[in-house]
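Chain by chain, the residues run as shown.
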Amino acid sequence: MAGVKTCARLSPRLSPHTPLTRLRIFHTQGARCSSSTTDAPTPAHATFKASDLQIDFCRPEQLRSKPPVKELLFGKSFTDHMLKIYYTKDAGWGAPRITPLQDLRLHPAAKVLHYSVELFEGMKAFRGVDDEIRLFRPEMNMARMNRTAARSALPTFDGGELVTLLKKLVNVDQEWVPHTESSSLYIRPTMIGTEPTLGVVRPAEALLFVILSPVGPYFASGFKPVSLLADPRYVRAWPGGVGMMKMGSNYGPTLEIQRQAEQQGCQQVLWLFGPEHRITEVGAMNIMVYLVNKQGEKELVTPPLDGLILPGVTRDSLLTLARRWGEFRVSERDITMGEVEEASEEGRLLEMFGAGTAAVVTPVGEIHYQGRVIRVAGETEDPGQGKEQEVSLAQRFYNTITGIQYGKTESDWAVKIDS
């Protein structure tokens, strides 16, 4: 038929290489395997089921060229396929579908476009030294995603079912997982309100989708100290707000302040709050301060989960590791710029570093704060010629986490996908 394209729908048990004689073919209008009436939810479900998955593999001419690993930038390239799951208030969750990566079709009145009814997660898949592909603590991302969904007036779901679907999606596009320890496959689960009405009410329709992106190091400079701008005129979150949620409305308003930081020669923003200039987060990461406290003991400090702070998966992992090691005090407490500045002046500020999925651990070299520059001693000391540089705590954390992610160290935090 003229103007009609075909797309192969496969059972999850089949592969892209299954002979076409074994496939059931259906037709959709348009140049791609795009949304149609087949996307509509089937019988009402409180959650979707991975067992209902339908896979529409790309045709050969739809496959994308993979960029060289050395040219990978964060979030610039995307794989061949995506996952989509539709929801309506009346019918519940529909059947999950893996389709070729395609543009979304939204009504101009969709809730997401007017009221920021949206959330997302950030995860990664890693190709290990044994060629196995692993996810890192995905159940934590699912728990956080459901908490954010509930706060965002969006539908919740069974996180275990989505983890199973993520494994299947990564398996379909497994050749996009870089064959190197310097890179990984970024996973972006997203949910948006799609109901085409302008009323300020809960959306009756939503879409959960997942896209994949091969990424290199988050910072082009690699594992090197960054400089921060700490300007108390701007805050990222406030009590009673949604600072603990992973939603886009937390990030858009930070972009202009990030530009101001870059204009002043800084790579990131250190977010402060309140008259005492409490430290909260750095850029889109959690922040950790390693110092010698006034009692003379080494202490790792990170702000508490009091509603201002995102409960990061990497944050939790570093705290868990530090408590297992038992070598220094580990505290989740308020810490102010005054305490940090005093520790720096007295030579007690050992290290500062950001912690997050994208960069894992990022050391801080200096903070630009109210016309002064606070330097972090642990990142500027030179052991001298012929002396071996002691591994910093940030580097130790980084080595430990990446060792788990890339299969060098066995851990139940690393979840293998099915081959």
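Residues numbered from 1 in each chain as written. Predicted model: local features only at pLDDT ≥ 70, side-chain atom pairs only at ≥ 80, totals over all residues. Heavy atoms only, no water.

Participant: I'm lost on the overall build of the protein chain in this one. Help?
Facilitator: A count of helices and strands for the protein chain gives seven helices and 21 strands. A buried classification covers 53% of the 419 residues belonging to the protein chain. Taking the contacts inside the protein chain whose residues are at least 6 apart along the sequence as the reference set, 73% of them involve residues at least 24 apart. Total accessible area on the protein chain stands at roughly 19,400 Å², and carbon and sulfur atoms take up 50% of it. (Helix = DSSP H or I, 4+ residues; strand = E, 2+ residues; numbered from the N terminus. Buried < 20%, exposed > 50% of the residue type's maximum accessible area, 1.4 Å probe, protein only. Contact = heavy atoms within 4.5 Å. Areas by Shrake-Rupley, 256 points an atom, 1.4 Å probe, with all protein chains shown as cover.)

Participant: Quick question: what am I supposed to make of the environment of G307 here?
Facilitator: Relative to the helices and strands, G307 resides in the loop between β16 (298-302) and α5 (313-325). G307 sits in the buried class, given a relative accessible area of 14%. G307 sits 66 residues away from G241 along the chain, and the two C-alpha atoms are 7.2 Å apart. Excluding its chain neighbours within four sequence positions, the residues that come into contact with G307 are G243 and M244.

Participant: I would appreciate a short explanation of the pairing of strand β17 (residues 329-332) in the present structure.
Facilitator: Here is the key point about a regular strand: its side chains alternate between the two faces of the sheet. Pairing between β16 and β17: four bridges, direction parallel. Bridging from a neighbouring strand, T302 pairs with E332 of β17. Tracing the backbone out of β16, into α5 and back to the parallel element β17 gives a crossover that is right-handed. (Pairing = 2+ DSSP bridges. Right-handed = clockwise from strand over helix to strand, strands pointing away.)

Participant: Sorry, what's going on with the nonpolar core here?
Facilitator: Nonpolar side chains tend toward joint burial in soluble globular proteins. Judged by nonpolar contacts, the single largest core of 38 residues is most densely connected at L83, F157, L162, V170, I187 and L208. Elements supplying a minimum of two residues to this core: β4 (81-88), β8 (123-127), β9 (133-136), α2 (138-151), α3 (159-172), β10 (184-193) and β11 (205-215). Top contributing element to this core by residue count: α3, with seven residues. (Core = buried A, V, L, I, M, F, W, Y, C linked by side-chain atoms within 4.5 Å.)

Participant: Is there a simple way to explain the side chain of K124 in this structure?
Facilitator: With respect to the helices and strands, the residue K124 is situated in strand β8. The side chain of K124 sits in the buried core without any salt bridge; E181 is the nearest counter-charge, 13 Å away. Within the local environment of K124, its side chain forms a polar contact with the backbone oxygen of T357, the two atoms lying 3.3 Å apart. Among the polar contacts listed, one links the side chain of K124 to the backbone oxygen of A358, at a separation of 2.8 Å. If sequence neighbours within four positions are ignored, K124 has contacts with R134, L135, F136, S184, L185, Y186, I187, V215, T357 and A358. (Lys, Arg positive; Asp, Glu negative; His and termini not counted. Salt bridge = Lys/Arg side-chain N within 4 Å of Asp/Glu carboxyl O. Polar contact = N/O pair within 3.5 Å; in protein donor to acceptor, adjacent residues only side chain to side chain.)

Participant: Would you take a moment to explain the confidence of the model for the protein chain for this structure?
Facilitator: Reading fine detail from the predicted coordinates is not recommended where pLDDT is low. Mean pLDDT for the protein chain: 88, with 85% of residues reaching 70 or above. Note that pLDDT drops below 50 for residues 1-43; the model gives that stretch 87 contacts with residues more than four away or on any other chain. Throughout residues 379-383 the model reports pLDDT below 50, and contacts reaching past four residues in sequence, or to other chains, amount to nine contacts. (pLDDT = per-residue confidence, 0-100.)

Participant: Looking at this structure, I do not really get the environment of F136. What am I missing?
Facilitator: Looking at the secondary structure, you find F136 in strand β9. In contact with F136, not counting residues within four places along its chain, are K124, F126, N141, V313, S317, I401, I404, Q405 and W413.

Participant: Which parts of the structure should I look at to understand the pairing of strand β13 (residues 268-273)?
Facilitator: With six of six residues buried, β13 is to be regarded as a mostly interior element. Of the two faces of β13, the one lined by Q268, L270 and L272 and the one lined by V269, W271 and F273 are each fully buried. For strand β12 (residues 226-230) and β13, the ladder comprises two bridges, and the chain directions are parallel. Residue pairing for β13: L228 is matched across the bridge by Q268. Handedness of the crossover joining β12 and β13 through helix α4 (residues 255-263): right-handed. Relative to strand β14 (residues 278-282), β13 runs antiparallel, the two sharing four bridges.

Participant: I keep staring at the packing of aromatic side chains and nothing clicks. Help me out?
Facilitator: Two aromatic rings are characterised by how far apart their centres lie and by the angle between their planes. Applying the stated criterion across every chain, the model contains 11 aromatic pairs. On the numbers, 5.0 Å between centres and 65 degrees between planes, the contact of F74 with Y186 is edge-to-face. In this pair, F74 sits in the loop between β3 (54-56) and β4 while Y186 sits in strand β10, placing the two residues 112 residues apart along the sequence. Using a relative accessible area of 26% as the deciding quantity, one classes F74 as partly exposed. Members of the aromatic cluster, joined through ring pairs, are F48, Y87, W93 and F157. The positively charged end of R236 is found above the aromatic ring belonging to Y251, 6.0 Å away from the centroid. The aromatic ring of W325 is capped on one face by R396, whose charged end is 3.8 Å from the ring centroid. (Phe/Tyr/Trp six-rings, centres within 6.5 Å; stacked < 30°, edge-to-face > 60°. Lys NZ or Arg CZ within 6 Å of the ring centre and 35° of its normal.)

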